[in-house]
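Summary of structural features
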Amino acid sequence: MIEGLDEDRGSGLEIAFQNEWVVAWRDRTPIAMSPDLICVLDTVSGEAFGTETIGYGRRVSVAVLPAPAVFLTAKGLEHVGPRAFGYDLDFRSVFDELA
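These remarks concern the structure in this document. (Residues numbered from 1 in each chain as written. Predicted model: local features only at pLDDT ≥ 70, side-chain atom pairs only at ≥ 80, totals over all residues. Heavy atoms only, no water.)

1. Considering the sheet that holds strand β3 (residues 20–26)
Operational definition: For two strands to be treated as a pair, DSSP must find no fewer than two bridges joining them. Going along the chain from the N terminus, every DSSP run of H or I of four or more residues is numbered as a helix, and every run of E of two or more is numbered as a strand.
In spatial order, the strands read β1-β2-β3-β4; together these 4 strands make up an open sheet with antiparallel pairing. The outermost strands of the open sheet, each flanked by one partner alone, are β1 (2–3) and β4 (29–33). Where β3 meets β4, 4 bridges bridge the pair, whose relative direction is antiparallel. Considered in β4, the bridge of A24 is made with A32.

Put into structure tokens, the structure is as follows:
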């Protein structure tokens, strides 16, 4: 769970993981998910935190990168979409909302 600061104060971001960051919920609404790549970065250095190195009290920023086209096919989503990791969510890219 990540508590928002500055303009995000009062908001929370929860990120589920299974070897990789899989689904991010902002205030309980899913906003980013695999196969888009969720990146958790040290706010000061920009260094990436893996799921095995994140810890309480870290200042982080979260960025999302678009998935390669091959992962967006029906077969690709079958293997790396949120349902492949056990989440009852149909893939929706954060980038679709920005377009």
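Alright, that's what it looks like, and here's the rest.
2. A closer look at the pairing of β3
For clarity, the threshold we go by: Per-residue accessibility, obtained with a 1.4 Å probe over protein chains only, is compared with the maximum for each type, and a residue is labelled buried under 20%, exposed over 50%, and partly exposed between these values.
Within β3, 5 of the 7 residues are buried, which leaves the element mostly enclosed by the surrounding structure. Where strand β2 (residues 12–18) meets β3, 6 bridges bridge the pair, whose relative direction is antiparallel. Looking at β3, one finds that E14 is bridged to W25. In sequence, β2 turns back onto β3 through a hairpin of 1 residue, with N19 there showing a positive phi of about 70 degrees. Counted along the chain from β3 to the antiparallel partner β4, the turn is 2 residues long, and its residue D27 has a positive phi close to 50 degrees.

3. Some words on the side chain of S93
Just so we agree on the cut-off: Pairing of N or O atoms within 3.5 Å defines a polar contact, subject to two protein rules: one partner must be a possible hydrogen donor and the other a possible acceptor, and residues neighboring in sequence count only if both atoms are side-chain atoms.
Inspection of the secondary structure assignment puts S93 in the loop between α1 (74–80) and α2 (94–98). Given the relative accessible area of 8%, S93 is considered buried. Among the polar contacts listed, one links the side chain of S93 to the backbone nitrogen of F95, at a separation of 3.1 Å.

4. Brief notes about the nonpolar core
Defined as follows: The definition of a nonpolar core used throughout is a set of buried Ala, Val, Leu, Ile, Met, Phe, Trp, Tyr and Cys residues joined through side-chain atoms within 4.5 Å.
Core analysis: the largest hydrophobic core is formed by 9 residues, namely L13, I15, W21, A24, A32, I38, V40, F49 and V60. Of all elements in the fold, only β2, β3 and β5 (37–42) reach the threshold of two or more residues within this core. Membership of the second largest hydrophobic core comes to 7 residues, among which are A16, V23, M33 and Y87.

5. Regarding unusual backbone geometry
Note: most peptide bonds trans; most residues except glycine with negative phi. A cis amide bond links S34 to the next residue, P35, at an omega of 20 degrees. Position of P35 among the secondary structure elements: in the loop between β4 and β5. With a phi angle near 70 degrees, N19 is a residue other than glycine that sits in the positive phi range. Given a relative accessible area of 72%, N19 falls into the exposed group. A positive phi is found at D27, a non-glycine position, where the angle reads about 50 degrees.

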